Number of protein chains: 2
Amino acid sequence: MLLIKAGGGRDINWDGIARDISYLISREKVVLVHGASYYRDNLASRLSIPIKTVVSPSGITSVYTDQQLLEVFLMAYAGLVNKKVVARLQKEGVRAVGLSGVDGGLWQAKAKKEIMAREGDRVILLKDNLTGRVEEINTELINLLVENNYLPVICSPAISFEKEIVNTDNDWAIAIMAEKLKIRKLVVLFENPGLLENPDDESTLVPRVEKEKIEDYLAFARGRMKKKILGAKRAMEGGVDVIYWADGRIENPILNALEGKGTVIS
Amino acid sequence: MLLIKAGGGRDINWDGIARDISYLISREKVVLVHGASYYRDNLASRLSIPIKTVVSPSGITSVYTDQQLLEVFLMAYAGLVNKKVVARLQKEGVRAVGLSGVDGGLWQAKAKKEIMAREGDRVILLKDNLTGRVEEINTELINLLVENNYLPVICSPAISFEKEIVNTDNDWAIAIMAEKLKIRKLVVLFENPGLLENPDDESTLVPRVEKEKIEDYLAFARGRMKKKILGAKRAMEGGVDVIYWADGRIENPILNALEGKGTVIS
């Protein structure tokens, strides 16, 4: 089974992704996860809802999710983008079914209501944070769909063990999903050619990374890339053999990734 | 199999619906469809998107759906309300899975891009209307979930035969769904005690309606109620034996409906 994660940027080439999946799905089983960060930010801005990012003591940036921002997540991810992606895939003849991590307890997360956050030089405690870290997966539901020739199209948010909807880190979620589904091959598409030594220079692509060394790149990764590195590390620990990081903006983004034209971590 | 439709009003008692379903689902198979009209209107208003209603030459009111309003539908129905309902049901131990009519081609509709609409005394032609009427149902997907002890939680929009997302009339969609799934019993909950002779007076509840006479009530129904009557007529033509229209705002709304305390059409 091939697990594909497509980022939520504006320039992701969904036509190309849909065509690649329609080609691949006759050859192997596929599960798709997508982001929607551009559409989330756009909606939040139209609704005048501020997006507060917090930086953990270890330097990882994430979004502080209160009730109104969680609703923006639901609308942008599970509503707008998920259904548009599903319709686009159906146009290519793919039997796509869109699900959030909430549905059927697909992504079950340990809630972390209180988080430590940096504020200048101090570390403060933030409460009522509606996020969680995915720990369990309803593999039965995913397998049920895949075995019946459906393509699960999955997105955030997740559901906590107490059955509250919680925002979650997608890169961590796909790592856990890969482990529980015993997936060996992972494609991650975003708005970059792959891992860059210098995030401002696309010509500094790192073509190969040994899995033991992936963490070394934390030092010069910025923003979301830190989470992708931690997600990749977790996925490798869970049994993934190879991760393809590649450009989601180009023609045939998935086939390009599988040809090793981005960054191959193995 | 029992098909339940809960309206999209603000005062629908979702706690009560979730508890009733958790009680009923151990006894029979259930499919749930929900609306989200209050949340759609609220979101459209926050985004300053006008909701244009059109009146057909035969006097039926519906929403004129352009691209930006269709996105509001996706966000309010498939995103916000669907996932909140799914999470609420899971809190009661129900294995709820939320799906829109787009997913897996669940609700397949014939698009009607051009609609005739009344404008004062004239009838005009409106183009680029993103709506359709549901004609086919992916019963295979619904049965797959139900047979594996999941509760499908379904909402608008639908997908056209050309694979475009289209807004659709929920009451018509549930009638077609009832027919294709061979459902005999239908519960429809809204913000009224049932069918009222005088829409402004809740004491004028009509407790029993013979199915042959349901159309007689079109004359004194207003707004959305006309569509509910046409949907009920279509459902009866498709083989439904009994339809329970009842109050979705009270304690145990479904059990109350099944006890015949609203309007029973048979």
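Residues numbered from 1 in each chain as written. Chains lettered and ligands numbered in written order. Predicted model: local features only at pLDDT ≥ 70, side-chain atom pairs only at ≥ 80, totals over all residues. Heavy atoms only, no water.

Caption draft 1: Fine view of the interface of chain B and chain A. If you look at the interface, chain B gives 40 residues, while chain A gives 40 residues. When residues of chain B are sorted by the area they lose upon contact with chain A, B:M75, B:K83 and B:Q90 head the list and together hold 17% of the total. The interface formed by chain B and chain A holds 8 salt bridges in total. With a shortest N-O distance of 2.9 Å, B:R95 and A:E140 are connected by a salt bridge. On inspection of chain B and its partner chain A, the count reaches 18 residue pairs in polar contact (both at pLDDT 80 or more). The set of elements that each furnish at least two residues to the side of chain B that touches chain A consists of α2 (37–46), α3 (67–91), β5 (96–100) and α4 (139–147) of chain B. Of the residues forming the side of chain B that touches chain A, the biggest block, 14 residues, is contributed by α3(B). Its residues placed into classes, the side of chain B that touches chain A shows 19 nonpolar, 10 polar and 11 charged. (Contact = heavy atoms within 4.5 Å. Buried area = accessible area lost by both parts, 1.4 Å probe. Salt bridge = Lys/Arg side-chain N within 4 Å of Asp/Glu carboxyl O. Polar contact = N/O pair within 3.5 Å; in protein donor to acceptor, adjacent residues only side chain to side chain. Helix = DSSP H or I, 4+ residues; strand = E, 2+ residues; numbered from the N terminus. Nonpolar A, V, L, I, M, F, W, Y, C, P; charged D, E, K, R; others polar.)

Caption draft 2: Up close: the packing of helix α3 (residues 67–91) of chain A against α3(B). Two numbers describe how α3(A) lies on α3(B): the axes approach to 7 Å, and their chain directions differ by 115°. Helix-helix and strand crossings are classified by hand; for α3(A) and α3(B) the assignment is right-handed. Judged by residue contacts, A:Q67, A:E71, A:L74, A:M75, A:A78, A:G79, A:L80, A:K83 and A:K84 of α3(A) engage B:Q67, B:E71, B:L74, B:M75, B:A78, B:G79, B:L80, B:K83 and B:K84 from α3(B). Grouping the constituent residues of the contact of α3(A) with α3(B) by class yields 8 nonpolar, 4 polar and 6 charged. (Axes fitted to C-alpha atoms, helices over the stretch in contact; angles between N-to-C directions. Left-handed = near helix turned anticlockwise from the far one by under 90°.)

Caption draft 3: Up close: helix α6 (residues 224–237) of chain B. All names here are of chain B. Here α6 is 14 residues long and its end C-alpha atoms lie 20 Å apart, about the 20 Å a rise of 1.5 Å per residue gives. All of the buried residues along α6 are M225, K226, K227, K228, I229, G231, A232, R234, A235 and M236. If you follow the buried residues of α6, they end up packed against β1 (2–6), β4 (61–64), α5 (170–180), β13 (185–190), β15 (242–247) and β16 (263–265). (Expected span 1.5 Å × (residues − 1). Buried < 20%, exposed > 50% of the residue type's maximum accessible area, 1.4 Å probe, protein only.)

Caption draft 4: Quick look at the packing of aromatic side chains. Applying the stated criterion to the full structure yields 6 aromatic pairs over all chains. Sitting above the plane of the A:Y23 ring, A:R27 keeps its charged end 3.9 Å from the centroid. The cationic tip of B:R95 hangs over the ring face of B:Y150; the distance from NZ or CZ to the ring centre is 4.0 Å. (Phe/Tyr/Trp six-rings, centres within 6.5 Å; stacked < 30°, edge-to-face > 60°. Lys NZ or Arg CZ within 6 Å of the ring centre and 35° of its normal.)

Caption draft 5: Representation of the environment of B:R27 in the model. All names here are of chain B. If you trace the backbone, R27 turns up in the loop between α1 (14–24) and β2 (30–34). Overall, R27 belongs to the exposed group, its relative accessible area being 54%. The spatial distance from the C-alpha of R27 to the C-alpha of N148 is 15 Å, given a sequence separation of 121 residues. Among the polar contacts made by the side chain of R27, one reaches the side chain of S26 at a distance of 2.9 Å.

Caption draft 6: Structural detail: the confidence of the model for chain A. Of the residues in chain A, 100% have a pLDDT of 70 or more, and the chain-wide mean is 95. Here the complex is predicted with pTM 0.96, and the ipTM for its interfaces comes to 0.95. (pLDDT = per-residue confidence, 0-100.)

Caption draft 7: Summary view of the sheet that holds strand β14 (residues 208–209) of chain A. Residues and elements named next belong to chain A. Strand order in the open sheet made by the 8 strands is β5-β10-β2-β1-β13-β15-β16-β14, with mixed pairing throughout. Each of the sheet's edge strands pairs with one partner strand only, and the pair in question is β5 (96–100) and β14. In the sheet, strand β15 (residues 242–247) pairs with strand β16 (residues 263–265) via 3 bridges, with the strands oriented antiparallel. Residue pairing in the sheet places I243 in a bridge with I265 of β16. Its contacts with the sheet put helix α6 (residues 224–237) on β1 (2–6), β13 (185–190), β15 and β16, and the angle it makes with β15 is roughly 155°. (Pairing = 2+ DSSP bridges.)

Caption draft 8: Up close: the packing of α1(B) against α3(B). Residues and elements named next belong to chain B. Where α1 contacts α3, the two axes come as close as 9 Å, and the packing angle between them is 50°. In terms of axis orientation, α1 runs oblique to α3. Note on packing geometry: the crossing formed by α1 with α3 is right-handed. Across the interface between the two elements, W14, D15, A18, R19 and I21 from α1 touch V85, R88 and L89 from α3. The residue makeup of the contact of α1 with α3, split by class, is 5 nonpolar, no polar and 3 charged. (Parallel < 35°, antiparallel > 145°, perpendicular 65-115°, else oblique.)

Caption draft 9: Here's a closer look at the pairing of strand β3 (residues 52–55) of chain A. Residue and element names in this part refer to chain A. Here 4 bridges tie β3 to strand β4 (residues 61–64), and the two strands are oriented antiparallel to one another. Its bridge partner lying in β4, T53 is registered against V63. A loop of 5 residues connects β3 with β4, the two strands running antiparallel in sequence, and G59 in this loop sits at a positive phi of about 95°.

Caption draft 10: Summary view of the sheet that holds strand β6 (residues 107–111) of chain A. Residues and elements named next belong to chain A. Taken together, 4 strands build a closed barrel; the order of strands is β6-β9-β12-β11 and the barrel is mixed. Each strand axis lies, on average, 60° off the axis of its neighbour in the sheet, ignoring direction. Bridge analysis of β6 against strand β11 (residues 158–160) gives 2 bridges, and the strand direction is parallel. Its bridge partner lying in β11, Q108 is registered against I159.

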